[in-house]
Amino acid sequence: MGKKKKPIKFGVTLTSPLWCRSSLQVTEEVREHLKTPIFDNWQWEEAEMLVLLQVMFTDLDFLTDLHIELDVLQNFLFEVYCHYNSIPFHNFRHCFCVTQMMYGLIWMTDIRSKLSKLDLLTMLASALCHDLDHPGYNNIYQINAKTDLALRYNDISPLENHHCAVAFGILSKPECNILKNLTREQYKQIRGAMIKCILATDMARHNEILNKFKTIQPVFKFTNKDHKEVLMKIMVKVSDISNEVRPMAVAEPWLDCLLQEFFNQSDTEKLKGLPVTPFMDRDKVSKPSCQTSFIRFVLLPLFTELIKLFPCLEQHILEPVRHALEG
């Protein structure tokens, strides 16, 4: 999508939810492009990405089917935006990319016909909130540095627990509570499922969750609650690490951002005399080796299992990745 095709023109600054209350137009072409893994996030400003997030919620009929009020959705999205930090990688743009990939997977797999609206909202909201208030230093650092987060959560997924807490802190505000018109039981269901999905993004649990999915995948049933729960975790995890399945021009800058954040952490670890995380050490890590290892050992195994359940993703997802590895 060339920049000349961007359809959103407005003169409201990102200081309040007024960003989405002016007269906005998103073309059908952009709406369709938003459903694909080739969507280029770098062409959009933050205010525009907020508008596109609103489009995702409306086009999945969440507002009508789950009784979400438009102004409440707008307040919620703005609060989410405000709770992402200006750091190299785990920022609001990353939040948008993960949510956009989740949105694309929902459409590409036609999972809309197999899961409830509540399940779909769980996955989209989990993607949106999965890195809220990320400080730019991972769990290993939090634990070694004995930070407040590590102490608060007893060294157990401190960041992911914090992301969940911030998410439901936002939702506790009546003006931001997109879940306020759900029944008590529906709220309990979505809260429990969102916590599980966000906690699943802790890479320390990657093999555990992937192996569980491998076990159930051959006999997978959408009517099985446990199967569905694992799939939802996998969908969020896949969306979280999906940069490398995008076109190279989109994916490459993200790797630079990630390495910058990694190097910032290892520099701080050295400065404070903490154990240096090996895959973040600027003196030991090269960009090509980092990218290749991640694709081979993390991304491909995860996507390969998901594609067994959704063969339609082979062409859109796996072929470009394999091509990139061969190149």
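None of the values given here were measured: they were computed from a predicted structure. Residue numbers restart at each chain and count upward from 1, following the sequence in its written direction. The predicted nature of this model means local features are confined to residues of pLDDT at least 70 and side-chain atom pairs, given and counted, to a pLDDT of 80 or more, with totals for whole chains, interfaces and linings taken over all residues. Water and hydrogen atoms play no part in the side-chain values, which are based on all heavy atoms of the structure.

**Student:** Before we go on, may I ask you to explain the UniProt feature "binding site: Zn(2+) 1" (unreviewed entry) in the protein chain in this structure?
**Tutor:** Mapped onto this numbering, the UniProt entry annotates "binding site: Zn(2+) 1" (unreviewed entry) at His94, His130, Asp131 and Asp240. Over a stretch of 147 residues, the named residues converge on one spot in the fold, their C-alpha atoms separated by at most 10.1 Å. Helix and strand labels come from DSSP, where a helix needs a run of H or I of at least four residues and a strand needs a run of E of at least two; each type is numbered from the N terminus. Looking at where histidine 94 falls in the secondary structure, it is placed in helix H5 (residues 92-108). Any two residues whose heavy atoms approach within 4.5 Å are treated as being in contact. Those residues in contact with histidine 94 that sit more than four places away from it in its chain are Phe89, His130, Asp131, Asp240 and Trp254. The contacts of aspartate 240, once residues within four sequence positions are left out, are His94, Val98, His130, Asp131 and Thr201. UniProt positions are given in the numbering used here, feature names are shortened, and annotations may be inferred rather than shown by experiment.

**Student:** Can you help me understand H5 in this one?
**Tutor:** Turn by turn, an α-helix covers 3.6 residues, leaving residues three or four places apart pointing in a common direction. To estimate how far a helix should reach, multiply one less than its number of residues by 1.5 Å. Along its 17 residues, H5 runs 24 Å from first to last C-alpha, staying within 8% of the 24 Å computed at 1.5 Å per residue. Only protein chains enter the accessibility calculation, which uses a 1.4 Å probe; a residue whose area is less than 20% of its type maximum is buried, one above 50% is exposed, and one in between is partly exposed. For H5, a buried count of 16 out of 17 residues is recorded, marking the element as mostly surrounded by other parts of the structure. We define a polar contact as two N or O atoms separated by no more than 3.5 Å, with the added condition that, inside protein, one atom must be a possible hydrogen donor and the other a possible acceptor, whereas residues neighbouring each other in sequence contribute only through side-chain atom pairs. Residue asparagine 91 occupies the N-cap position of H5, its side-chain oxygen lying 3.2 Å from the main-chain nitrogen of arginine 93. Aspartate 110, located one to two residues past H5, shows a positive phi value of around 55°.

**Student:** How do you make sense of the UniProt feature "active site" (unreviewed entry) in the protein chain when you look at a structure like this?
**Tutor:** When the UniProt feature table is mapped to this numbering, "active site" (unreviewed entry) covers His90. One can find histidine 90 in the loop between helix H4 (70-82) and H5. Residue histidine 90 is classed as buried on the basis of its relative accessible area of 15%.

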